[in-house]
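# Analysis of the macromolecular model
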Amino acid sequence: MHLETKKQLNVVILGIAFMFMFTAFQTCGNIAQTVITNLNSTDFHGSGYTSMAIIYGVFSASNLISPSVVAIAGPQLSMFFSGIFYSIYIAVFIEPYPWSFYTASVFLGVAAAILWTAQGNCLTINSNENTIGRNSGIFWALLQSSLFFGNLYIYFAWQGKTRIAESDRRTVFIALTVISLVGTVLFFLIRNLQESTTEEGEISGSADNLAEPTSDQSKMTRAADAFKNAIKLCFTKEILLLSITTSYTGLELTFFSGVYGTCIGAVNKFGIEEKSLIGLSGIFIGIGEILGGGVFGLLSKSNRFGRNPVVMLGIVVHFVAFYLIFYNIPNDAPIASIYGTDSTAYMEPSKEVAIFCSFLLGLGDSCFNTQLLSILGYLYAEDSAPAFAIFKFIQVISLSK
């Protein structure tokens, strides 16, 4: 098999593995606070918002060490072990206790930093300056397909329900745990590029690869170099400029992944469908993400105007989305009790507007993230792990605010 074909296959496998993992995790995130609100009437007392703050606080700090971990273990093993901790976090909801819930949140924060640094490293290894835009779009579209599948089940399974029964919760989270583990195992299907180049008699030009470190440079030396490079990159002009957009992606991700679904589920004026609308909202966020990732990935080579029009489209789309949400969703929806809220905003709450806003949130998010991934992979092809660690560090600092 030709080397470029193997690289593209690796990108597809990477995207599919993340699709399985985040079908489980993002569905879990969308319904977590709703499930916990129902659990708080029992012996369990916790908060999905507190868990999110712990995850992203630890996530941001752990990005300082994630390049070193990836340098020692390699991206493949790093992603595998990170996936195990994602699965453990989801499994906690099968029989939740406050101590296990918050402990899993801490470990997930560390795992997330390592996972996303390794993902960026792996994507860059399997791309070049001509294919990084296309590969970023392919990966993003596959990743965000995760929002479609899990939420489709939630929409149909929870339709007409105002409370989440224990049996429903266990069924959902057992299934999500298994799905996450499937995605974790798929990381082992990613081919080693050094072996590929040896078989074909080619020499890779990239400083990064999926193989073990060379004998003349110890793993600890590579880890120290990765940490030093990450610190140096923090103060470069390119990273400082990108940090503004990166911070925004963290803020809007916090909103649509953990807050907006809860808001929709708390609006009593949506009727008996309010809980199932959480799933439908996630589906339409996913449709927007998939559409954006697919279109921008396919058009990346033929786009004569560069990345600016795509980013400007994202700004306009999100402006419209947040304006409509402000008018449609009551102010007390994010902190409503188990009984929801009967308040109104500046218009009578509309299910159609709420779901349309979900689509706009996903489409705008894909505009920003596909271009950021492409820029980082292009600028830092020779030193991708520290660059992607900084990207996630800045993003997650905003996420945890």
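Residues numbered from 1 in each chain as written. Predicted model: local features only at pLDDT ≥ 70, side-chain atom pairs only at ≥ 80, totals over all residues. Heavy atoms only, no water.

## Side note on the environment of Phe 393
On the secondary structure map, Phe 393 appears in helix α14 (residues 384-399). Separated by 336 residues in the primary sequence, Phe 393 and Gly 57 have C-alpha atoms spaced 9.8 Å apart. Excluding residues within four positions of it along the chain, Phe 393 makes contact with Ser 60, Asn 63 and Leu 64. (Helix = DSSP H or I, 4+ residues; strand = E, 2+ residues; numbered from the N terminus. Contact = heavy atoms within 4.5 Å.)

## A closer look at the confidence of the model for the protein chain
Regions with low pLDDT should not have their predicted coordinates read in detail. Per-residue pLDDT for the protein chain has a mean of 80; in total, 82% of the residues score no lower than 70. Taking the mean pLDDT of every element in the protein chain, the minimum, 54, falls on helix α8 (residues 193-200) and the maximum, 91, on helix α3 (residues 66-91). Low pLDDT (under 50) marks residues 200-216, which in the prediction has 32 contacts with non-local residues, meaning those over four places away or in another chain. (pLDDT = per-residue confidence, 0-100.)

## Topic: helix α12 (residues 308-328)
For the α-helix, the turn length of 3.6 residues means that residues three or four positions removed from each other point alike. Compared with an ideal rise of 1.5 Å per residue, which puts 21 residues at 30 Å, α12 spans 30 Å between its outermost C-alpha atoms and is within 8% of the ideal. Of the residues making up α12, those classed as buried are Val 310, Gly 314, Val 317, His 318, Ala 321, Ile 325 and Asn 328. Projected down its long axis, α12 carries its buried residues within an arc of 100°, all on one side. In this structure, α12 carries Asn 308 and Phe 319 as exposed residues pointing more than 90 degrees from its buried face. (Expected span 1.5 Å × (residues − 1). Buried < 20%, exposed > 50% of the residue type's maximum accessible area, 1.4 Å probe, protein only. Arc of directions from axis to C-beta.)

## Looking at the packing of aromatic side chains
A complete count under the given rule lists 25 aromatic pairs for this structure. When the ring of Phe 93 is compared with that of Phe 173, the centres are 4.8 Å apart and the planes differ by 15°; the resulting orientation is stacked. Remark: Phe 173 occurs in helix α7 (residues 166-186) and Phe 93 occurs in the loop between α3 and α4 (98-125); sequence separation between them is 80 residues. Of the aromatic side chains, those joined through ring pairs into one cluster are Phe 18, Phe 22, Phe 25, Tyr 86, Tyr 89, Phe 93, Phe 101, Tyr 102, Trp 116, Phe 139, Phe 173 and Phe 187. (Phe/Tyr/Trp six-rings, centres within 6.5 Å; stacked < 30°, edge-to-face > 60°.)

## Things to note about the side chain of Ser 60
Of note, Ser 60 is situated in helix α2 (residues 48-62). With residues near it in sequence (within four places) discarded, Ser 60 still touches Phe 393, Val 396 and Ile 397.

## Comments concerning the pattern of salt bridges
Applying the stated criterion to the full structure yields 2 salt bridges. Taking the shortest distance from any N to any O, the salt bridge between Lys 7 and Glu 4 comes out at 3.9 Å. Here the residue Lys 7 and the residue Glu 4 both occupy positions in helix α1 (residues 3-39), the gap between them amounting to 3 residues, near one helical turn. Given the relative accessible area of 32%, Glu 4 is considered partly exposed. Between Arg 170 and Glu 95 there is a salt bridge; the shortest N-O distance is 2.3 Å. (Salt bridge = Lys/Arg side-chain N within 4 Å of Asp/Glu carboxyl O.)

## Observations concerning the environment of Val 259
Examined against the element boundaries, Val 259 turns out to sit in helix α10 (residues 237-266). On the basis of relative accessibility, which here comes to 18%, the residue Val 259 falls in the buried class. Val 259 sits 75 residues away from Pro 334 along the chain, and the two C-alpha atoms are 6.5 Å apart. Beyond its immediate sequence surroundings of up to four residues, Val 259 is in contact with Tyr 49, Thr 254 and Pro 334.

## A look at the packing of α10 against helix α13 (residues 351-379)
Pairs of packed helices are described in terms of their axes, by the angle between the two and the distance that separates them. Where α10 meets α13, the axes come as close as 10 Å, and the angle between the chain directions of the two elements is 150°. In terms of orientation, α10 lies roughly antiparallel with respect to α13. In the crossing of α10 with α13, the sense of the turn from one axis to the other is left-handed. Each of Glu 238, Ile 239, Leu 242, Thr 245, Thr 246, Tyr 248, Thr 249, Glu 252, Phe 255, Phe 256, Tyr 260 and Ile 264 in α10 lies in contact with α13, whose residues at this interface are Ala 354, Cys 357, Ser 358, Leu 361, Asp 365, Phe 368, Asn 369, Leu 372, Ile 375, Leu 376 and Leu 379. When the residues that make up the contact of α10 with α13 are grouped by side-chain class, the tally is 15 nonpolar, 5 polar and 3 charged. (Axes fitted to C-alpha atoms, helices over the stretch in contact; angles between N-to-C directions. Parallel < 35°, antiparallel > 145°, perpendicular 65-115°, else oblique. Left-handed = near helix turned anticlockwise from the far one by under 90°. Nonpolar A, V, L, I, M, F, W, Y, C, P; charged D, E, K, R; others polar.)

## Some thoughts on the packing of α12 against α13
Where α12 contacts α13, the two axes come as close as 8 Å, and the packing angle between them is 155°. Between α12 and α13, the angle is such that the two are roughly antiparallel. Of the two elements, α12 crosses α13, and the hand of that crossing is left-handed. Counted by class, the contact of α12 with α13 contains 19 nonpolar, 5 polar and 1 charged residues.

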